[in-house]
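Breakdown of the fold
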Amino acid sequence: MPERPDPARQAILDAAVVEFEQHGFRKVALEDVARRAGVSRTTSYRRFTNRDELVAAVVDRENAALFADIAAELKHSGPQGDYYVEAFTLAILKFRRHRVLHRMITDEPGFILHLAQQHWGAAVERMAEALRVIFPAGFAERIGEAAVIEFADTILRYAAMALMLPSVQPLDTADDIRAFATRHFLPSLPAALHTGSA
């Protein structure tokens, strides 16, 4: 059964995005977010017991929207080069342009690792949901759920590498990212993806 809409929760999440964008993740208190959302502190604390819980909810919501956007763009862009390389490249470029998620990676990499340890499973499932939309009809079923989950996990691991770690080779342009994906990401894909093309 789908969750009922919670306007106060949505207002708090919207306000949190603005606060995080303006002040960073570590400097924002729940009280600041509640004030911007136009809700009481009590209302805010009923939905999110602490800042880390709020940050995790914002990241989850923003990731879901980002992955859905990537899925829609790939679905409608048609064939171009290697599909997996293009998908990876698009994901990195869109993440870098995201106003809050990119700031979190650049300003708070340690915090990102902390969140990843706590919420990796949810992030993998969000990515797997996006993959099910991107894949042609029947492809996810043909390769199996385990391969979809493994692929989602692989994408997130290599994306974290490209976004957070220094590199000997530049990763600044789309062509740089494509070269990285071709050299490192493609060979690591689950075997089921090598037998059938998306």
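So, here is what we can say about the structure in this document. In this text, all values refer to a predicted model and were calculated from it rather than measured experimentally.

1. A word on the packing of aromatic side chains
In this description, an aromatic ring pair is defined by two values, namely the gap between the centres and the angle between the planes. Counting across every chain of the model gives 8 aromatic pairs. Measuring from ring centre to ring centre gives 6.4 Å for Phe151 and Phe185, while their planes differ by 25°; the resulting arrangement is stacked. Taken together, the residues Phe151 in helix H9 (residues 145-164) and Phe185 in helix H10 (residues 174-185) connect sequence positions 34 residues apart. Here Phe151 and Phe185 have matching classes, each one buried. Measuring from centroid to centroid gives 5.9 Å for Tyr158 and Phe185, while their planes differ by 65°, and the two rings are edge-to-face.

2. Describing the pattern of salt bridges
Should the charged atoms of two oppositely charged side chains come close, the side chains can pair. Counted by the stated rule, this structure contains 17 salt bridges. Between Arg61 and Asp14 there is a salt bridge whose closest N-O contact spans 2.7 Å. Linking Arg61 in helix H4 (residues 51-77) with Asp14 in helix H1 (residues 7-23), this pair joins segments that are 47 residues apart in sequence. We classify Arg61 as partly exposed; its relative accessible area is 24%. The exposure class assigned to Asp14 is partly exposed, which follows from its relative accessible area of 41%. For Arg126, the salt bridge goes to Glu129, with nearest N and O atoms at 3.7 Å. Note that Arg126 and Glu129 are positioned in helix H7 (residues 109-134) at a spacing of 3 residues, about one turn of the helix. Arg126 gets classed as partly exposed once you look at its relative accessible area, which sits at 25%. We classify Glu129 as partly exposed; its relative accessible area is 38%.

3. A few points about the nonpolar core
Residues Phe20, Leu54, Tyr84, Phe88, Phe151 and Phe185 are the most contacted members of the largest nonpolar core, which totals 68 residues. In terms of residue count, H4 provides more of this core than any other element does, 11 residues in total. Sequence-distant contacts of Leu54, defined by excluding residues within four places in its chain, comprise Ile12, Leu13, Ala16, Phe20, Leu30, Val33 and Phe48.

4. So, the packing of H4 against H7
At their nearest, the axes of H4 and H7 sit 9 Å apart, and the two run at 30° to each other. With respect to each other, H4 and H7 are oriented roughly parallel. In the crossing of H4 with H7, the sense of the turn from one axis to the other is right-handed. Within the contact between the two elements, H4 uses Asp52, Val55, Ala56, Val59, Asp60, Ala64, Phe67, Ala71, Leu74 and Lys75 and H7 uses Phe111, His114, Leu115, His119, Ala123, Arg126, Met127, Ala130, Val133 and Ile134. A class-by-class count of the residues in the contact of H4 with H7 yields 14 nonpolar, 2 polar and 4 charged.

5. Thoughts on the packing of helix H5 (residues 83-97) against H10
Relative orientation of the contacting elements H5 and H10 amounts to 130°, with a least axis distance of 9 Å. Between H5 and H10, the interaxial angle falls into the category oblique. Relative to H10, the crossing made by H5 is right-handed. On H10, the residues that touch Tyr84, Val85, Glu86, Phe88, Thr89, Ile92, Leu93 and Arg96 of H5 are Ala174, Ile177, Arg178, Phe180, Ala181, Thr182 and Phe185. Counted by class, the contact of H5 with H10 contains 10 nonpolar, 2 polar and 3 charged residues.

Definitions and limits used
- Residues numbered from 1 in each chain as written.
- Predicted model: local features only at pLDDT ≥ 70, side-chain atom pairs only at ≥ 80, totals over all residues.
- Heavy atoms only, no water.
- Phe/Tyr/Trp six-rings, centres within 6.5 Å; stacked < 30°, edge-to-face > 60°.
- Helix = DSSP H or I, 4+ residues; strand = E, 2+ residues; numbered from the N terminus.
- Buried < 20%, exposed > 50% of the residue type's maximum accessible area, 1.4 Å probe, protein only.
- Salt bridge = Lys/Arg side-chain N within 4 Å of Asp/Glu carboxyl O.
- Core = buried A, V, L, I, M, F, W, Y, C linked by side-chain atoms within 4.5 Å.
- Contact = heavy atoms within 4.5 Å.
- Axes fitted to C-alpha atoms, helices over the stretch in contact; angles between N-to-C directions.
- Parallel < 35°, antiparallel > 145°, perpendicular 65-115°, else oblique.
- Left-handed = near helix turned anticlockwise from the far one by under 90°.
- Nonpolar A, V, L, I, M, F, W, Y, C, P; charged D, E, K, R; others polar.

Shape is all these values report; function is a separate question.
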